[in-house]
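Okay, here's what each chain looks like letter by letter:
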Amino acid sequence: MASKNGKHGDGGAASGGVTRLPRKPYETELFRLQAELVKLQEWVRTEGARLVVIFEGRDAAGKGGTIKRITQYLNPRVAGITALPAPTEREQTQWYFQRYTDHLPAAGEIVLFDRSWYNRAGVEHVMGFCTKEQYSRFLHQCPIFERLLVEDGILLRKYWFSVSDTEQQVRFESRLDDPMRRWKLSPMDLESITRWEDYSRAKDEMFVHTDIPEAPWYVVESDDKRRARINMIAHLLGSIPYHGAQPKPLKLPPRPKPKGYVRTARDTQTFVPDHAAHLIKAG
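Small disclaimer: the values here were computed from a predicted structure and weren't measured. (Residues numbered from 1 in each chain as written. Predicted model: local features only at pLDDT ≥ 70, side-chain atom pairs only at ≥ 80, totals over all residues. Heavy atoms only, no water.)

Caption draft 1: View of the overall build of the protein. For the protein, the helix and strand inventory stands at 11 helices and five strands. If one aligns the C-alpha atoms of the protein with their principal axes, the spans along those axes are about 75 × 50 × 45 Å. Sorting the 283 residues of the protein into buried and exposed places 41% on the buried side. Across the protein, every contact between residues at least 6 apart in sequence was considered, and the portion connecting residues at least 24 apart equals 79%. Of the roughly 17200 Å² of accessible surface on the protein, 55% is carried by carbon and sulfur atoms. On the protein, the mean spot of the 43 positive side-chain charges and the mean spot of the 36 negative ones are 9 Å from each other. (Helix = DSSP H or I, 4+ residues; strand = E, 2+ residues; numbered from the N terminus. Buried < 20%, exposed > 50% of the residue type's maximum accessible area, 1.4 Å probe, protein only. Contact = heavy atoms within 4.5 Å. Areas by Shrake-Rupley, 256 points an atom, 1.4 Å probe, with all protein chains shown as cover. Lys, Arg positive; Asp, Glu negative; His and termini not counted. Charge placed at Lys NZ, Arg CZ, Asp CG, Glu CD.)

Caption draft 2: Region of interest: the nonpolar core. Counting residues in each nonpolar core, the largest one holds 30 residues, and the members touching the most others are Leu-40, Val-53, Phe-55, Ile-70, Phe-161, Met-232 and Ile-233. For this core, the elements supplying multiple residues, two or more each, are helix H1 (23-47), strand E1 (50-57), helix H2 (63-71), strand E3 (109-114), strand E4 (155-162) and helix H10 (225-238). Among the elements that make up this core, the one with the highest residue count is H1 (seven residues). Ignoring any residue separated from it by four or fewer positions in sequence, one finds Ile-70 in contact with Leu-37, Phe-55, Leu-112, Met-232 and Ile-233. Residues Ala-121, Leu-139, Cys-142 and Ile-212 belong to the second largest nonpolar core, which totals 26 residues. (Core = buried A, V, L, I, M, F, W, Y, C linked by side-chain atoms within 4.5 Å.)

Caption draft 3: Highlighting the pairing of E4. For E4, the buried fraction is high: seven of the eight residues fall into the buried class. Bridge analysis of E1 against E4 gives seven bridges, and the strand direction is parallel. Directly across from Gly-57, in E4, lies its bridge partner Phe-161. Note that E4 and strand E5 (residues 217-221) share five bridges and pair parallel. When the sheet's bridge partners are listed, Tyr-159 is paired in E5 with Tyr-218. (Pairing = 2+ DSSP bridges.)

Caption draft 4: Region of the structure containing the confidence of the model for the protein. On average, residues of the protein score 91 in pLDDT, and 94% of them are at 70 or above. Between residues 1-9, whose pLDDT stays under 50, and residues either more than four places distant or in other chains, the model counts 20 contacts. Contacts for the low-pLDDT stretch residues 11-15, under 50 throughout, to residues beyond four places or in other chains number 18 contacts. (pLDDT = per-residue confidence, 0-100.)

Caption draft 5: Region of interest: a nonpolar patch on the surface. On the surface, Phe-31, Val-38 and Tyr-73 cluster together into a nonpolar patch covering about 300 Å² of accessible area. Of the residues examined, Tyr-73 reaches a relative accessible area of 43% and is grouped as partly exposed. (Patch = residues over 30% accessible without salt bridge, like charges linked within 9 Å, V, L, I, M, F, W, Y side chains within 5 Å. Salt bridge = Lys/Arg side-chain N within 4 Å of Asp/Glu carboxyl O.)

Caption draft 6: Highlighting the state of the cysteines. Counting across every chain of the model gives zero disulfides. The thiol sulfur of Cys-130 is not disulfide-bonded, and the nearest other cysteine sulfur, from Cys-142, lies at 13 Å. Looking at Cys-130, the relative accessible area reads 11%, which means it is buried. Note on Cys-142: relative accessible area 0%, which makes it buried. (Disulfide = S-S within 2.5 Å.)

Caption draft 7: Seen up close, the packing of aromatic side chains. Following the criterion strictly, the structure yields 20 aromatic pairs and no others. Geometrically, the ring pair formed by Trp-117 and Phe-145 is edge-to-face, given 5.1 Å between the ring centres and 90° between the ring planes. Of this pair, Trp-117 sits in the loop between E3 and helix H5 (123-127) while Phe-145 sits in helix H6 (residues 132-151); the two residues are 28 residues apart in sequence, bridging distant segments of the chain. Their ring planes at 85° and their centres at 5.8 Å tell us that Tyr-118 and Phe-138 sit as a pair that is edge-to-face. Here Tyr-118 is found in the loop between E3 and H5, whereas its partner Phe-138 is found in helix H6, with 20 residues between them in sequence. Here the aromatic cluster, defined as three or more aromatic residues joined through ring pairs, consists of Trp-95, Tyr-96, Phe-97, Tyr-100, Phe-113, Trp-117, Tyr-118, Phe-138, Phe-145, Trp-160, Phe-207 and Trp-217. Its end group placed over the ring of Trp-196, Arg-58 keeps NZ or CZ at 3.6 Å from the ring centre. Here Lys-203 stacks its cationic end above the ring of Phe-207, 4.5 Å away from the centre of that ring. (Phe/Tyr/Trp six-rings, centres within 6.5 Å; stacked < 30°, edge-to-face > 60°. Lys NZ or Arg CZ within 6 Å of the ring centre and 35° of its normal.)

See the structure below:
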């Protein structure tokens, strides 16, 4: 669909029409929200809740950066990230949802899917990695599958990160010139540029079948990454009836008096060289 400046988007605002969120209020609010995420984590753990959060959207739409901010202060034993590779030959013969069910949370766990079973409705469909029959079966079974998850008590949240073609182009070009982020660009990402409208149609069709009352899609406008992160995290927190579960108070025990232990001589061990010493001298 066309955005306000004539460029094509998938529901997000055009790059030129966004007022960027300044860094200072962004960092202040992000830290406040991250403190709330810690409270949410404690509530999930103590209540035995199960939370699944799905992140989908265009390449370079900001999903990974948002996930990093969400998990920054969380316990990886409670809040895990699942980003599955391409299926193996054996997995290709399984029921499509089978390899995803292994990664669903148990009581007291949070799972963030950095892309999910919706690969079939997106890249697999557009790139011809699945048959028409497999695609149609997915659109039929996905709502049933998700209703079963919700019926069983899983808290399921689905977010679509929407970015304009203008902003995506800018982000792709910046990755080309940045050796620290060059790895983020795959041949599949570059191919998505030439198939923009195909992916738009696939997303629209996916929403028609899977935007259900039990598990609705929430669209995050992500031309401004800071806004997207704040908006998505705030919405997630507001959608869950968590409360400030108080962790058990901890108290450091007194250190026992020495009982004659003598540390092994340093020259019997191999230490990492003090690289930092060069920085101190240089400063």
